[in-house]
Amino acid sequence: MGIFPPPQRVWWNLPVGKTEVLWITIAFVWALVMFFMMPYWHLTGDQNLSNEAYKIKPEVYAAKTEAWAEKYKVREEGDTGIPVVKPPAGGDVYMFGRLWEWWPIVELEKGQSYRFHLSSLDWQHGFSLLPENINISVHPEYEMVFTVTPNSSGEFGIICNEFCGIGHHNMVGKIYVTDK
Ligand code: CUA
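For clarity, every value in this text was computed on a predicted model and none was experimentally measured.

## Re the sheet that holds strand β7 (residues 114–120)
Where strands meet in a sheet, backbone hydrogen bonds hold them as pairs that are either parallel or antiparallel. With mixed pairing, the 5 strands of this open sheet are ordered in space as β1-β10-β7-β4-β5. Every other strand in the sheet has two partners, leaving β1 (52–55) and β5 (101–103) as the edge strands with one partner each. Each adjacent strand pair in this sheet contributes to an overall mean axis angle of 25 degrees, direction not counted. Examined bridge by bridge, strand β4 (residues 92–98) and β5 share 3 bridges and lie antiparallel to one another. Within β5, the position partnered with G97 by the bridge is W102. Strands β4, β5, β7 and β10 (142–148) of the sheet are contacted by helix α2 (residues 58–72), whose axis makes an angle of about 130 degrees with β4.

## Some points on the pairing of strand β3 (residues 82–85)
Residue alternation in β3 divides its side chains into two sets, I82 and V84 and P83 and V85, and both sets are buried. Across 4 bridges, strand β2 (residues 73–77) lies against β3 in antiparallel orientation. Following the sheet pairing, E77 is matched in β3 by I82. Hairpin connection, β2 to β3: the antiparallel pair is bridged by 4 residues, and G78 has positive phi, about 75 degrees.

## Things to note about the pattern of salt bridges
What the rule picks out here adds up to 11 salt bridges. For E141, the salt bridge goes to K55, with nearest N and O atoms at 3.8 Å. Of the two residues, E141 sits in the loop between β9 (134–138) and β10 while K55 sits in strand β1, which places them 86 residues apart along the sequence. Across the pair K174 and E155 runs a salt bridge, and its minimum N-O distance is 4.0 Å. Separated by 19 residues along the polypeptide, K174 in strand β12 (residues 172–178) and E155 in strand β11 (residues 154–160) bring together distant segments of the chain. Ionic contacts of the salt-bridge type, sharing partners, join the residues K55, K57 and E141 into one network.

## A closer look at the domain arrangement of the protein chain
According to the domain assignment, the protein chain contains domain 1 (11–44) and domain 2 (52–178). Taken over C-alpha atoms, the centre of domain 1 sits 39 Å from the centre of domain 2.

## Some remarks on α2
For α2, built from 15 residues, the straight-helix expectation of 21 Å at 1.5 Å per residue is met to within 8% by its first-to-last C-alpha distance of 21 Å. Of the positions making up α2, those classed as buried are P58, Y61, A62, T65, W68 and A69. Seen along its axis, α2 keeps its buried residues to an arc of 135 degrees; they face one direction. Across α2 from its buried face, at more than 90 degrees, point the exposed residues E59, E70 and K71.

## Some details on the environment of P150
Along the chain, P150 turns up in the loop between β10 and β11. Put simply, P150 and W100 are 50 residues apart on the chain and 25 Å apart in space, counted from C-alpha to C-alpha.

## A closer look at the side chain of E107
By the element assignment, E107 lies in strand β6 (residues 105–109). Residue E107 is classed as buried on the basis of its relative accessible area of 9%. Of the polar contacts made by the side chain of E107, one reaches the side chain of R75; its length is 2.8 Å. Leaving out residues up to four positions away in the same chain, E107 has contacts with R75, V84, V85, K86, P87, Y176 and T178.

Thresholds, definitions, all that
Residues numbered from 1 in each chain as written. Predicted model: local features only at pLDDT ≥ 70, side-chain atom pairs only at ≥ 80, totals over all residues. Heavy atoms only, no water. Pairing = 2+ DSSP bridges. Helix = DSSP H or I, 4+ residues; strand = E, 2+ residues; numbered from the N terminus. Axes fitted to C-alpha atoms, helices over the stretch in contact; angles between N-to-C directions. Contact = heavy atoms within 4.5 Å. Buried < 20%, exposed > 50% of the residue type's maximum accessible area, 1.4 Å probe, protein only. Salt bridge = Lys/Arg side-chain N within 4 Å of Asp/Glu carboxyl O. Domains from an automatic or database assignment. Expected span 1.5 Å × (residues − 1). Arc of directions from axis to C-beta. Polar contact = N/O pair within 3.5 Å; in protein donor to acceptor, adjacent residues only side chain to side chain.

Written as structure tokens, this is what we have:
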């Protein structure tokens with residue numbers, strides 16, 4: 001079998017087949033549904049957080065986060081001694097992503113609202129909170145701020161869902177939520 005030119009040279013003036021029209025219509029209607037689901041989920045979904053973004057230099061954000069962690073550190077974990085930081089209920093939370101970790105570990109109280117700050121110190125990472133399926137793109141030079149109110153206690157994992165290099169699959173973090 002070979003590839004031949006269409007038998008009718010001016011094929012683009014022929015009427016479009018019924019099946020093709022049907023599929024184009026289905027695809028178009030579905031695209032519209034998906035388009036309007038974006039604002040709909042933003043207003044009604046629990047996973048699409050409204051966030052604010054502020055310009056900030058990575059070193060300034062790092063210093064802010066480190067000072068905050070120093071102030072509210074309650075213990076250290078693991079071989080690397082990553083701090084576990086427990087801010088006052090209702091307060092600010094700072095975390096950054098960098099090659100290849102989420103820093104620090106955060107401990108929150110169930111039912112309390114926090115202002116959660118997120119940024120990257122190098123390049124783009126993806127903050128994915130499991131098993132809640134909350135996803136936020138994290139960029140250097142932008143401080144993302146959103147409000148979280150944990151409604152269940154336990155241990156939550158953070159993975160990076162934006163490919164960021166050789167250690168991407170090891171870029172994990174943790175949030176503890178306590179019952180008070
Ligand atoms: Cu950070 Cu992938």
